[in-house]
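Below are the chains, spelled out letter by letter.
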Amino acid sequence: MRKIGLIGGMSFESSAVYYRMVNEAVRRHLGGLHSAEVLLHSVDFQSIVDLQMAGRWADAAKRLSDVARALEAAGADCVLICTNTMHLVAEEVQAAIGIPLINIIDETAKAMSAAGIRRPLLLATRYTMEHGFYADRMAGHGIEVMVPSPEDRTLVHDVIFKELCAGHVHDASRTALHAVIAEAKANGADAVILGCTEICLILDPDTLSLPGFDSTALHAGAAVAFALDGTEMTQTGCRKAA
């Protein structure tokens, strides 16, 4: 089994979801008491938020690149940045290491392309919704990303940072997010991207008025597929090491 390197802590609420999803998937594939080989470096999120708010993306890239190099040195076979927003510096992080960086945008786009999605609504932080890095990479997969109105972008951003990242889930915010999705559907959206790794804490992709694509689950699933590559199926349908 290959070792998965996780750059977490952004926020730790979603990093805990990654850890659970990765290990549950490995157990499903291998059976018994198997779990994933995981190296997790959890950063101090406030230090990253400070860099985001100041627009110091080069410094943020250096910080995450240092973490990625440390994970590689510790034996990781791949690296995941466990947040959508910090994929703004994913290319810089990938350039700093000699192992694959599994990109959350690419993995989400692959799933949507396979489902025939072409015009999804993106729910994410303001940085992800308003900087060009996300939409540009999605466009490379033939997908045109929609974003909410300016007022609703503020709503979504605040729900993420002021509530979900702090461990708070409120029914009123869930209702408000459903209303944002309903408006996008009326305007031609054909799916919803849960484009922040915390949004799965408040929205269930299977209960939305549009098909939902949970970037956290898709990213974690891609990591497990990478980790178990080269294994073979047992007669019971579980996997075992080749």
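Let me begin by describing the structure that accompanies this report. (Residues numbered from 1 in each chain as written. Predicted model: local features only at pLDDT ≥ 70, side-chain atom pairs only at ≥ 80, totals over all residues. Heavy atoms only, no water.)

**Structural notes on the overall build of the protein**
Turning to step 1, where the next piece is worked out: Across its full length, the protein carries 10 helices and eight strands.
Turning to step 2, where the next piece is worked out: Here the protein has a C-alpha radius of gyration of 18 Å; the compact-globule value for 242 residues is 18 Å, and the two agree.
Turning to step 3, where the next piece is worked out: Seen through its principal axes, the protein has C-alpha atoms that stretch 50 × 45 × 35 Å.
Turning to step 4, where the next piece is worked out: Counting every position in the protein, which comprises 242 residues, the buried fraction comes to 49%.
Turning to step 5, where the next piece is worked out: Sequence separation of at least 24 residues holds for 73% of the intrachain contacts in the protein that already meet a minimum separation of 6.
Turning to step 6, where the next piece is worked out: Counting 20 positive and 29 negative side-chain charges, the protein places the averaged centre of each group 4 Å from the other. (Helix = DSSP H or I, 4+ residues; strand = E, 2+ residues; numbered from the N terminus. Rg over C-alpha atoms; globule rule 2.2 N^0.38 Å. Buried < 20%, exposed > 50% of the residue type's maximum accessible area, 1.4 Å probe, protein only. Contact = heavy atoms within 4.5 Å. Lys, Arg positive; Asp, Glu negative; His and termini not counted. Charge placed at Lys NZ, Arg CZ, Asp CG, Glu CD.)

**Side note on the sheet that holds strand S5 (residues 191-194)**
Turning to step 1, where the next piece is worked out: A sheet is described by the order of its strands in space; here three strands give the open sequence S4-S5-S6, paired in parallel fashion. This sheet does not close on itself; its edge strands, each paired only once, are strand S4 (120-123) and strand S6 (212-214). Averaged over all pairs of adjacent strands, the angle between their axes in this sheet comes to 20°, without regard to strand direction.
Turning to step 2, where the next piece is worked out: In the sheet, S4 pairs with S5 via four bridges, with the strands oriented parallel. Each residue of the ladder has a partner; that of Leu-121, found in S5, is Val-192.
Turning to step 3, where the next piece is worked out: Sheet strands touched by helix H10 (residues 215-227): S5 and S6. Its angle to S6, the strand with the most contacts, is close to 50°. (Pairing = 2+ DSSP bridges. Axes fitted to C-alpha atoms, helices over the stretch in contact; angles between N-to-C directions.)

**Comments concerning unusual backbone geometry**
Turning to step 1, where the next piece is worked out: That bond from Met-10 to Ser-11 is cis: its omega, 0°, falls within 30 degrees of zero.
Turning to step 2, where the next piece is worked out: Along the polypeptide, Ser-11 turns up in the loop between strand S1 (4-8) and helix H1 (12-30).

**Focus: the side chain of Thr-197**
Turning to step 1, where the next piece is worked out: Residue position: Thr-197 is located in the loop between S5 and S6.
Turning to step 2, where the next piece is worked out: What makes Thr-197 buried here is its relative accessible area of 1%.
Turning to step 3, where the next piece is worked out: One polar contact links Thr-197 to Ser-14, side chain to side chain, over a distance of 3.0 Å. (Polar contact = N/O pair within 3.5 Å; in protein donor to acceptor, adjacent residues only side chain to side chain.)

**Some thoughts on the pairing of strand S3 (residues 78-81)**
Turning to step 1, where the next piece is worked out: Alternating residues of S3 divide into Cys-78 and Leu-80 and Val-79 and Ile-81, and every residue in both groups is buried.
Turning to step 2, where the next piece is worked out: Alignment of S1 against S3, held across four bridges, turns out to be parallel. By the bridge assignment for S3, Ile-4 is matched with Cys-78.

**Description of the packing of helix H5 (residues 104-114) against H10**
Turning to step 1, where the next piece is worked out: It is the contact of H5 with H10, at a shortest axis distance of 9 Å, that shows an interaxial angle of 100°. Classified by the interaxial angle, the pair formed by H5 and H10 is roughly perpendicular. In contact with Ile-104, Glu-107, Thr-108 and Ala-111 of H5, H10 contributes Ser-215, Thr-216, Leu-218, His-219 and Ala-222.
Turning to step 2, where the next piece is worked out: The residue makeup of the contact of H5 with H10, split by class, is four nonpolar, four polar and one charged. (Parallel < 35°, antiparallel > 145°, perpendicular 65-115°, else oblique. Nonpolar A, V, L, I, M, F, W, Y, C, P; charged D, E, K, R; others polar.)

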